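# Descriptive analysis of the structure
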Amino acid sequence: MKNSIEIRDLSLNFGAVKVLTDLNLDIQDGEFLVLLGASGCGKSTLLNCIAGLLDVSGGQIFINGDNVTWKEPKERGIGMVFQSYALYPQMTVEGNLSFGLKNSKVPKDEIEKKIAHAAGILQIESLLKRKPGELSGGQRQRVAIGRALVREVEVFLFDEPLSNLDAKLRADLRVEIKRLHQKLKNTMIYVTHDQIEAMTLADRIAIMKDGLVQQLDDPRTIYNNPVNKYVAGFIGSPGMNFLDGQLKAGEPASFKMAEGSVDLTNYAFQQSFTDGQKVTFGIRPEHIVVGDEASEMPFSQEVEVEIIEPMGSDTLVWTKLNNQDFRFMLDGQIAINTGDKVNIGFDPKISSIFDEATELRV
Amino acid sequence: MMNEPYGPRPGKILNPTRIMVYGVLIVAAIYYLLPLYIMITTSMKGLPEIRMGNIFALPVEVTFAPWAKAWDSACTGLYCEGLKTGFWNSVIITIPSVIVSIAIASVNGYALSNWKFKGSEVFFTILIFGSFIPFQVMLYPLVIVTRELGIFGSLWGIIFIHTIFGMPILTLLFRNYFASLPEELFKAARVDGAGFWGIFFKIMVPMSVPIFVVAVILQITGIWNDFLFGVVFAGTENFPMTVQLNNIVNSKQGVTEYNVNMAATILTGAVPLIVYFLSGKYFVRGIAAGAVKG
Ligand SMILES: Nc1ncnc2c1ncn2[C@@H]1O[C@H](COP(=O)(O)OP(=O)(O)O)[C@@H](O)[C@H]1O
Ligand SMILES: [Mg+2]
């Protein structure tokens with residue numbers, strides 16, 4: 001498949017502060033790529049570089065094979081949607097939608113056609129004569145998306161478009177953005193710090209930290225096979241459990257903690273390891289089984305319930321394993337109380353092991 | 001329920017701090033209003049009544065003759081035309097100076113806040129530093145500059161000078177205001193293909209009415225009240241109202257007509273006063289808006 005966007009050795013500094021260093025990224029044609037990372041890791045900066053709103057300090061950017069590194073935003077075939085909506089306050093919705101078209105001298109009747117088309121897709125026909133101040137947050141963001149839509153751009157750039165909306169609206173608009181992508185099949189780059197948004201929307205997720213892409217994979221791979229401890233901890237809610245210990249070579253290999261050890265027959269090692277290597281063992285709360293089933297697992301142990309957090313469909317249970325906090329998910333219908341003793345177990349097949357020093361997957 | 005406070009919310013009481021604040025405010029108000037009171041009453045008295053010496057008394061016989069004389073026929077050392085020539089001169093100086101200085105400063109401020117270029121911060125610092133240099137230091141060099149340009153002692157000369165001297169403060173005002181507008185709007189407009197001027201006229205200016213109002217008020221009052229530049233750069237036939245007022249008040253011929261002088265002074269101050277009264281609300285609002293971000 002051909003690449004829509006190629007980023008080569010991109011660097012960006014704000015004065016002495018290096019925000020992006022030698023970043024490489026290929027985005028395929030029609031792909032929905034999510035840039036995910038904690039606040040301040042350089043996601044917006046990267047997106048602004050792609051849009052042409054920031055002058056890069058080094059490297060090159062190609063869009064559809066074109067070197068656009070030093071081109072103006074309008075020459076790049078991109079549309080952008082911002083967190084704060086960024087609608088022009090003194091213009092009506094119609095004025096907002098037509099602004100870009102007028103700037104590129106599109107004839108009047110054609111502008112009207114395009115606006116009608118975009119308004120139909122986004123269901124904002126009834127709002128065209130209103131000013132942004134008279135719209136709700138959700139409506140504003142639709143208009144902002146419409147502004148990119150009318151210009152029929154090749155690439156959509158979203159910078160945390162849903163962060164200013166309340167939870168319910170966020171979920172609704174998320175689905176609409178997904179629907180829009182399925183309909184238009186444009187390349188979309190979507191910045192968020194919300195892993196649910198990332199998981200639900202993305203064809204591929206690029207997880208960023210300190211201006212570097214940590215992992216670029218489809219959501220399932222990122223969830224199941226995080227390349228390092230940071231990615232493992234960032235993806236998943238509630239977060240992954242981590243246990244400290246060391247690896248023991250042998251047949252079978254095992255993970256040895258202060259209390260007990262885990263048989264690693266089923267674990268697919270991706271790197272060789274040394275006997276006694278200090279590692280962190282990660283297992284997700286939703287991968288823990290409880291009760292009779294637990295005894296059939298390669299690892300099982302009885303633990304005492306410390307805190308329960310009922311969440312409706314599930315209950316999150318806090319306990320201690322190896323003297324470390326350990327959480328597991330339980331069907332919300334099962335009655336459980338603090339102080340109860342329960343038998344828990346898991347299969348290392350779906351666990352992740354990271355070197356303690358490098359934090360890379362073993 | 002029982003432990004919650006109940007009953008109507010207590011009203012604000014006059015505590016000592018409040019009395020102090022009001023006291024200071026009242027004294028300050030009297031301090032400024034008393035001269036105005038004396039000016040207005042004196043301007044409506046005849047000369048014999050003034051000579052009786054009670055400056056605080058209301059006029060016994062109200063007359064507007066001093067006002068008419070101040071406007072139409074009061075004498076400077078040379079002519080007896082009153083203030084009216086000076087008034088129109090001031091109008092002719094003020095309007096283009098206000099327009100030109102604000103037009104240039106707003107674009108300056110916009111460029112400095114949104115189109116940062118290498119050295120833009122240094123440029124800005126120098127510009128601001130310029131506002132701390134006393135006028136007197138620059139007076140003679142500017143006389144030479146305007147003379148070389150061939151505009152010394154002309155309308156263009158004085159407009160040029162007002163534009164230059166308005167630049168630091170106005171640029172600061174506009175830059176800060178534009179910097180307080182959301183950056184994403186500017187970015188959105190760039191993505192939408194608008195250029196330097198397109199963004200300025202279609203996006204920034206429509207959102208900046210308050211700061212333009214502030215700038216207009218600042219400039220009208222500043223330029224109208226100017227004396228020094230007017231007397232140096234405008235040339236005799238273009239002397240603004242302030243200069244003419246001075247010449248009337250200081251003319252040494254005959255008896256000193258206090259009532260005419262008072263009327264002339266009020267007439268000269270009337271324009272800034274009216275501008276303040278009509279737009280004070282915008283002024284405060286705009287200044288506050290511009291001050292948010294540095
Ligand atoms: N204009 C700027 N000047 C200086 N530093 C900046 C500027 N914009 C962003 N930064 C810094 O760059 C880093 C990345 O910012 P950003 O890309 O906005 O992060 P994100 O969008 O991932 O939250 C942050 O540490 C931020 O402080
Ligand atoms: Mg951001």
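Since the model is a prediction, treat every value here as computed from it, not as a measurement.

## Overview of unusual backbone geometry
All names here are of chain A.
- The omega angle of the peptide bond from Ser237 to Pro238 is -5°, so this bond is cis rather than trans.
- Tracing the chain through its elements places Pro238 in the loop between α8 (229-234) and β11 (241-248).
- In this structure, the amide linkage connecting Glu251 to the following residue, Pro252, adopts the cis form with an omega of 0°.
- By the secondary structure assignment, Pro252 is in the loop between β11 and β12 (254-256).
- Phi is positive for Glu160, which is not a glycine, with a value near 45°.
- Here Glu160 lies in the loop between β7 (155-159) and α5 (167-184).

## Overview of the state of the cysteines
- Applying the stated criterion to the full structure yields 1 disulfide over all chains.
- In this model, Cys75 of chain B is linked to Cys80 of chain B through a disulfide, with the two sulfur atoms separated by 1.8 Å. The S-S bond linking Cys75 of chain B to Cys80 of chain B shows a torsion near 105°; that makes this disulfide right-handed.
- Take Cys75 of chain B: its relative accessible area is 26%, and that puts it in the partly exposed class.
- According to the relative accessible area criterion, Cys80 of chain B is partly exposed, its value standing at 44%.
- Here Cys41 of chain A is not cross-linked by a disulfide; its sulfur's nearest cysteine counterpart is in Cys49 of chain A, at 13 Å.
- A relative accessible area of 6% places Cys41 of chain A in the buried class.
- The class for Cys49 of chain A is buried, based on a relative accessible area of 1%.

## A few points about the sheet that holds strand β5 (residues 66-67) of chain A
Residue and element names in this part refer to chain A.
- One open sheet accounts for 4 strands, arranged β2-β1-β4-β5; its pairing is antiparallel. The two strands at the open ends of the sheet, each matched to only one other strand, are β2 (17-28) and β5.
- The strands that helix α1 (residues 43-51) touches are β1 (3-14), β2 and β4 (58-63); relative to β1, the one it contacts most, it runs at about 120°.

## Thoughts on the pattern of salt bridges
All names here are of chain A.
- Under the criterion given, the structure shown has 18 salt bridges over all chains.
- For Lys114, the salt bridge is made with Glu152, and the minimal N-O distance between the two is 3.7 Å. With Lys114 in helix α3 (residues 108-122) and Glu152 in the loop between α4 (137-150) and β7, this pair connects stretches of sequence that are 38 residues apart.
- The exposure class of Glu152 is exposed, given its relative accessible area of 55%.
- Within this structure, Glu6, Arg8 and Asp26 form a network of salt bridges that share partners.

## Description of the site of ligand 1
Residues and elements named next belong to chain A.
- Surrounding ligand 1, one finds Phe14, Val19, Ala38, Ser39, Gly40, Cys41, Gly42, Lys43, Ser44 and Thr45.
- A distance of 3.2 Å is found between an oxygen atom of ligand 1 and a backbone nitrogen or oxygen belonging to Cys41.
- At 3.1 Å from an oxygen atom of ligand 1 is found a main-chain nitrogen or oxygen belonging to Gly42.
- If one sorts the elements of the shell around ligand 1 by residue count, α1 sits on top with 3 residues.
- Partitioned by chemical class, the residues of the shell around ligand 1 number 4 nonpolar, 5 polar and 1 charged.

## So, the domain arrangement of chain A
All names here are of chain A.
- The domains assigned to chain A are domain 1 (3-234) and domain 2 (241-355).
- Taking only C-alpha atoms into account, the centre of domain 1 sits 39 Å from that of domain 2.
- Between domain 1 and domain 2, roughly 710 Å² of surface is buried when both sides are summed, and carbon and sulfur atoms account for 53% of that area.
- There are 0 salt bridges connecting domain 1 and domain 2.
- Scanning the region where domain 1 abuts domain 2 turns up 2 residue pairs in polar contact (both at pLDDT 80 or more).
- Going through the elements one at a time, α7 (219-224) and α8 are the ones with two or more residues in the side of domain 1 that touches domain 2.
- Partitioned by chemical class, the residues of the side of domain 1 that touches domain 2 number 5 nonpolar, 4 polar and 1 charged.

## A few points about the pairing of β11 of chain A
Residue and element names in this part refer to chain A.
- In this structure, β11 lies alongside strand β14 (residues 278-283), joined through 6 bridges in antiparallel fashion. Paired with Asn241 across the two strands is Ile283, which belongs to β14.
- Where β11 lies against β12, 3 bridges are found, and the strand directions are antiparallel. Looking at β12, one finds that Gln246 is bridged to Lys256.
- Connecting the antiparallel pair β11 and β12 is a turn made up of 5 residues, with Gly250 showing a positive phi of about 135°.

## Quick word on the interface of chain A and chain B
- Taken together, the 24 residues of chain A in the interface contact 14 residues of chain B.
- Surface buried jointly by chain A and chain B totals about 1,700 Å² across both partners, of which 59% is contributed by carbon and sulfur atoms.
- Taken together, chain A and chain B are joined by 2 salt bridges.
- Note that Arg190 of chain B is salt-bridged to Glu72 of chain A, the shortest N-O span being 3.3 Å.
- In this structure, the connection of chain A to chain B is made through 8 residue pairs in polar contact (both at pLDDT 80 or more).
- Looking at which element gives the most residues to the side of chain A that touches chain B, the answer is helix α2 (residues 93-103) of chain A, with 4 residues.
- Of the residues that constitute the side of chain A that touches chain B, the class distribution is 11 nonpolar, 9 polar and 4 charged.

## Brief notes about the sheet that holds strand β3 (residues 32-37) of chain A
Residue and element names in this part refer to chain A.
- Here 6 strands make up an open sheet; going across it, the order is β6-β7-β8-β3-β9-β10 and the pairing mixed. Each edge of the sheet is formed by a strand with only one pairing partner; in this case those strands are β6 (78-81) and β10 (212-217). Sheet twist, expressed as the average angle between the axes of neighbouring strands with direction ignored, equals 20°.
- The sheet contact formed by β3 and strand β8 (residues 187-192) spans 5 bridges and is parallel. Bridged to Leu36 within β8 is Thr192.
- Strands in contact with α1 are β3, β6, β7, β8 and β9 (204-209); relative to β7, the strand with the most contacts, it is inclined by about 150°.
- With respect to the sheet, α5 is in contact with β3, β7 and β8, its orientation differing from that of β8 by roughly 160°.

## A closer look at the side chain of Thr192 of chain A
Residues and elements named next belong to chain A.
- The topology assignment puts Thr192 in strand β8.
- Of the residues examined, Thr192 reaches a relative accessible area of 1% and is grouped as buried.
- Among the polar contacts listed, one links the side chain of Thr192 to the backbone nitrogen of Asp194, at a separation of 2.9 Å.
- When neighbours within four sequence positions are excluded, Thr192 is seen to be in contact with Val34, Leu35, Leu36, Gly37, Lys43, Glu160, Glu197 and Ala198.

## Overview of the layout of surface pockets
- A volume near 820 Å³ is recorded for the largest pocket.
- Forming the boundary of the largest pocket are 28 residues, of which Leu53 of chain A together with Asn114, Trp115, Lys116 and Glu183 of chain B lie nearest the centre.
- The set of elements that each furnish at least two residues to the lining of the largest pocket consists of α4 (84-114), α7 (155-180) and α8 (183-191) of chain B.
- Per-class residue counts for the lining of the largest pocket are 11 nonpolar, 6 polar and 11 charged.
- There is about 410 Å³ of room inside the second largest pocket.
- At the level of secondary structure, the elements contributing two or more residues to the lining of the second largest pocket comprise α6 (135-149), α7 and α10 (209-225) of chain B.

Cut-off values and rules
Residues numbered from 1 in each chain as written. Chains lettered and ligands numbered in written order. Predicted model: local features only at pLDDT ≥ 70, side-chain atom pairs only at ≥ 80, totals over all residues. Heavy atoms only, no water. Helix = DSSP H or I, 4+ residues; strand = E, 2+ residues; numbered from the N terminus. Disulfide = S-S within 2.5 Å. Buried < 20%, exposed > 50% of the residue type's maximum accessible area, 1.4 Å probe, protein only. Pairing = 2+ DSSP bridges. Contact = heavy atoms within 4.5 Å. Axes fitted to C-alpha atoms, helices over the stretch in contact; angles between N-to-C directions. Salt bridge = Lys/Arg side-chain N within 4 Å of Asp/Glu carboxyl O. Near = heavy atom within 4 Å. Polar contact = N/O pair within 3.5 Å; in protein donor to acceptor, adjacent residues only side chain to side chain. Nonpolar A, V, L, I, M, F, W, Y, C, P; charged D, E, K, R; others polar. Domains from an automatic or database assignment. Buried area = accessible area lost by both parts, 1.4 Å probe. 1 Å grid on protein atoms, 1.4 Å probe; cavity = no way out; pocket = protein on both sides within 12 Å on 5 of 7 lines; lining within 4 Å. Points joined across faces, edges and corners; volume = space filled by probe spheres on them.

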